[in-house]
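# Structure at a glance
Listed here are the chains, written in short residue letters.
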Amino acid sequence: MLDTPQLADQLDADQGQAPHHEPAPPTPAPPDTRRGCLFALSQPPLMIFLGVIGCLLLTAALHDLLLL
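Residues numbered from 1 in each chain as written. Predicted model: local features only at pLDDT ≥ 70, side-chain atom pairs only at ≥ 80, totals over all residues. Heavy atoms only, no water.

### Description of the overall build of the chain
This is how it is decided: Helix and strand definitions follow DSSP, with helices as H or I runs of at least four residues and strands as E runs of at least two, each counted in order from the N terminus.
Each helix and strand in the chain was counted, giving three helices and zero strands. Traced from its N-terminal end to its C-terminal end, the chain shows the element sequence α-α-α.

### Some remarks on the confidence of the model for the chain
Quick note on the threshold: Values of pLDDT, ranging from 0 to 100, describe the predictor's confidence in every residue of the model.
Averaged over every residue, the pLDDT of the chain is 76; the share at 70 or more is 63%. Within the chain, helix H1 (residues 7-10) has the poorest average pLDDT of any element, 58, and helix H3 (residues 44-67) the best, 95.

### Re a nonpolar patch on the surface
Our working definition: Note on patches: the residues involved have over 30% relative accessible area and no salt bridge, like charges join within 9 Å, and the nonpolar side chains Val, Leu, Ile, Met, Phe, Trp and Tyr join within 5 Å. Each accessible area value is a Shrake-Rupley result obtained with a 1.4 Å probe; residue values ignore everything except the protein chains displayed when judging cover. Each salt bridge in this description consists of a side-chain nitrogen of Lys or Arg and a carboxyl oxygen of Asp or Glu lying within 4 Å of one another.
Taken together, the side chains of Leu38, Leu41, Leu46, Met47, Ile48, Phe49, Leu50, Val52, Ile53, Leu56 and Leu57 make up a nonpolar region of the molecular surface, amounting to roughly 1,100 Å² of accessible area. When residues of the nonpolar patch are assigned to their parent elements, the largest contribution, nine residues, is made by H3. Topologically, Leu56 is positioned in helix H3.

Structure follows, in structure tokens:
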């Protein structure tokens, strides 16, 4: 048993090629759920994570510059 449809099922019988369907236009989100990149960056857990990664990179860079 196959989970995928067979090629004969996918082809249009009249023209011998895949049927052409117009894609539906994207529906805009309601105004209260539209959020962009700045909303994601304003989340405290993300900013804490990025701060820790930044401190680790700064520490490694200073270690390379000053101690090696």
